[in-house]
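Read off the chains here:
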Amino acid sequence: MNEKFVPRIVGFLCNWCSYAGADLAGVSRLQMPPSLRAIRVMCSSRVNPLFIIRVFLIGADGVLVAGCHPGDCHYQKGNYQARRKFAILKNIFESLGLESDRLRLSWISAGEGPRFAKVITEFTEKIKELGPNPAKEKVFL
């Protein structure tokens, strides 16, 4: 494991739950690695898989999509749609020989600040084990 390597993780966070959970973790001063770049989206289902591929190819070491728990979506079935998109995207990554472990989908509610901190910490450690994103060296954008 490379101790000096600080992963760059892009997180697409649901406005209603996951982003609020991230905010709760922050105001609670929970310890988290400084690896996440958060992007607030209205719903996890609004994350186009092309957004994930794009940020991965331009240098993100990992991508997190976080939304409301299934059954609790403010848009009724948005998180179910996100789960289907994510499953397809992981299959695409594997088919292309990309490391699908660099992608993570998590359900985090607004009141789960400690869970948010745990997810970010675990995902950061996983990305540290994998090392820097090898795809960014091969893409000419």
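Here the residue index of a chain counts from 1 through its sequence in written order. Thresholds applied to this predicted model are a pLDDT of at least 70 for local features of residues and 80 or more for the giving and counting of side-chain atom pairs; totals over whole chains, interfaces and linings are not thresholded and use all residues. The basis for the side-chain values is all heavy atoms of the structure; hydrogens and waters are excluded.

A.B. asks: Would you take a moment to explain the pairing of strand S2 (residues 36–41) for this structure?
C.D. replies: Consecutive residues of a regular strand have side chains that alternate between opposite faces of the sheet. Judged from the 6 bridges that link them, strand S1 (residues 9–14) and S2 form a sheet pairing that is parallel. Of the residues in S2, the one forming a bridge with Phe12 is Ile39. A right-handed crossover is one whose linking path, passing over the helix from the first strand to the second, runs clockwise when the strands point away from the viewer. For helices the rule is a DSSP run of H or I covering at least 4 residues; for strands it is a run of E covering at least 2, with both sets numbered from the N terminus onward. Considered for its hand, the β-α-β crossover made up of S1, helix H1 (residues 18–27) and S2 is right-handed. Paired strands, as defined in this entry, are two strands with at least two bridges between them according to DSSP.

A.B. asks: Got a minute to help me understand unusual backbone geometry in this structure?
C.D. replies: Phi is mostly negative for residues that are not glycine, and the peptide bonds are mostly trans. The phi dihedral of Arg29 is positive, around 55 degrees, even though this residue is not glycine. Within the fold, Arg29 resides in the loop between H1 and S2. When accessible area is computed with a 1.4 Å probe and restricted to protein chains, residues below 20% of their type maximum are described as buried, those above 50% as exposed, and intermediate ones as partly exposed. When its relative accessible area of 73% is taken as the criterion, Arg29 is described as exposed. If you check the backbone angles, Gln76 has positive phi at about 70 degrees while not being a glycine. Its place among the elements puts Gln76 in the loop between strand S3 (62–67) and helix H3 (78–95).

A.B. asks: Looking at this structure, I do not really get the sheet that holds strand S4 (residues 103–107). What am I missing?
C.D. replies: Note: strands within a sheet are paired through backbone hydrogen bonds, in either parallel or antiparallel orientation. Taking strand neighbours across the sheet as the criterion, the 4 strands line up as S2-S1-S3-S4 in an open arrangement whose pairing is parallel. In this open sheet, the two strands that pair with only one neighbour each are S2 and S4. Here the strands of the sheet are splayed against their neighbours by 20 degrees on average, with no regard to which way each runs. Here a residue-residue contact requires only that any non-hydrogen atoms of the pair lie within 4.5 Å. Think of each axis as a best-fit line through the C-alpha atoms, taken over the contacting stretch in the case of a helix, with angles from 0 to 180 degrees between the N-to-C directions. Across the sheet, helix H2 (residues 49–57) is in contact with S1, S3 and S4; its angle to S1 comes to roughly 160 degrees.

A.B. asks: Any chance you could explain the packing of H2 against H3 here in plain terms?
C.D. replies: Orientation of H2 relative to H3, taken along the N-to-C sense of each, is 40 degrees, at an axis distance of 10 Å. Comparing the axis directions of H2 and H3 gives the class oblique. The element H2 and its partner H3 pack so that their crossing is right-handed. Contact with H2, carried on its side by Pro49, Ile52, Ile53 and Phe56, involves Lys85, Leu89 and Phe93 of H3 and no other residues of that element. Polar here means any residue outside two lists: the nonpolar Ala, Val, Leu, Ile, Met, Phe, Trp, Tyr, Cys and Pro, and the charged Asp, Glu, Lys and Arg; Gly therefore counts as polar. Tallied by class, the residues present in the contact of H2 with H3 amount to 6 nonpolar, no polar and 1 charged. An angle below 35 degrees is read as roughly parallel, one above 145 as roughly antiparallel, one from 65 to 115 as roughly perpendicular, and any other as oblique. Note on convention: near helix rotated counterclockwise from far helix by under a right angle means a left-handed crossing. Clockwise means right-handed.

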